[in-house]
Amino acid sequence: MSSPVTKRYNVSAVRDALIQELVRQDFKWGSQLHNPADWYLITAEEFGEIASDLNKAFVQPDANPNEERLTKAKTEIIQTIACLCRLLWSLEDIEHEEGKVVPR
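Residues numbered from 1 in each chain as written. Predicted model: local features only at pLDDT ≥ 70, side-chain atom pairs only at ≥ 80, totals over all residues. Heavy atoms only, no water.

Student: Mind laying out the state of the cysteines, listing which residues take part and the relevant values?
Tutor: Counted by the stated rule, this structure contains zero disulfides. With no disulfide of its own, C85 has C83 as its nearest cysteine by sulfur position, at a separation of 9.2 Å. Residue classification places C85 among the buried positions, given a relative accessible area of 17%. (Disulfide = S-S within 2.5 Å. Buried < 20%, exposed > 50% of the residue type's maximum accessible area, 1.4 Å probe, protein only.)

So this is what it looks like as structure tokens:
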């Protein structure tokens, strides 16, 4: 099924980058059994990194949206999406295990 989003953007590339980031995080950090509040704080920090990168690219007096800055911002966005997935999964774990955070 085609939609304006799938016609204009490479959705599968975003999906693939997200999966690669989730795997990278698993290898870097191992099993991460944080509660939803902790995942929210981790995600908020990731949003801050996006804001910093976008500020350097578009807002500061010497702003320059060069390829390096845009690539860094895109990387931070994928990392943030991965953290949001983990936040969502931590809520699902609690719902399915009667208030306990359990490994997936």
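Having seen the model, we can carry on.
Student: If you had to explain the environment of S90 to someone new, which residues and values would you point to?
Tutor: Tracing the backbone shows S90 in helix α4 (residues 67-96). Through-space distance from the C-alpha of S90 to that of W39 is 8.0 Å; in sequence the pair is 51 residues apart. (Helix = DSSP H or I, 4+ residues; strand = E, 2+ residues; numbered from the N terminus.)

Student: Any chance you could break down the pattern of salt bridges for me, citing the residues and the numbers?
Tutor: Counted under the stated rule, the structure contains five salt bridges. Taking the shortest distance from any N to any O, the salt bridge between R24 and E21 comes out at 2.7 Å. Residue R24 and its partner E21 are both found in helix α2 (residues 11-29); the two are separated by three residues, about one turn of the helix. Bridged by salt links that share partners, the residues D53, K72 and E76 form one connected network. (Salt bridge = Lys/Arg side-chain N within 4 Å of Asp/Glu carboxyl O.)

Student: Please provide a residue-by-residue account of the side chain of Q25, values included.
Tutor: Its location among the elements puts Q25 in helix α2. Here the side chain of Q25 touches R86 through a polar contact of 2.8 Å, side chain to side chain. Contact partners of Q25, with chain neighbours within four places excluded, come to G30, Q32, Q79, A82, C83 and R86. (Polar contact = N/O pair within 3.5 Å; in protein donor to acceptor, adjacent residues only side chain to side chain. Contact = heavy atoms within 4.5 Å.)

Student: Pulling in residues and values, what's your account of helix α3 (residues 36-59)?
Tutor: The terminal C-alpha atoms of α3 lie 32 Å apart, and with 24 residues this matches the ideal 34 Å at 1.5 Å per residue to within 8%. Considered for burial, the residues of α3 that qualify are P36, W39, T43, E46, I50, D53 and A57. Its side-chain oxygen 2.9 Å from the backbone nitrogen of A37, N35 forms the N-cap of α3. (Expected span 1.5 Å × (residues − 1).)

Student: Can you explain α2? Please cite residues and give values.
Tutor: Along its 19 residues, α2 runs 27 Å from first to last C-alpha, staying within 8% of the 27 Å computed at 1.5 Å per residue. Regarding α2, the residues found buried are L18, E21, L22 and Q25. One side of α2 carries all its buried residues, which in axial view fall inside an arc of 100°. Residues of α2 that are exposed and point over 90 degrees away from its buried face: Q20 and F27. One or two residues past the end of α2 sits G30, with phi positive at roughly 75°. (Arc of directions from axis to C-beta.)

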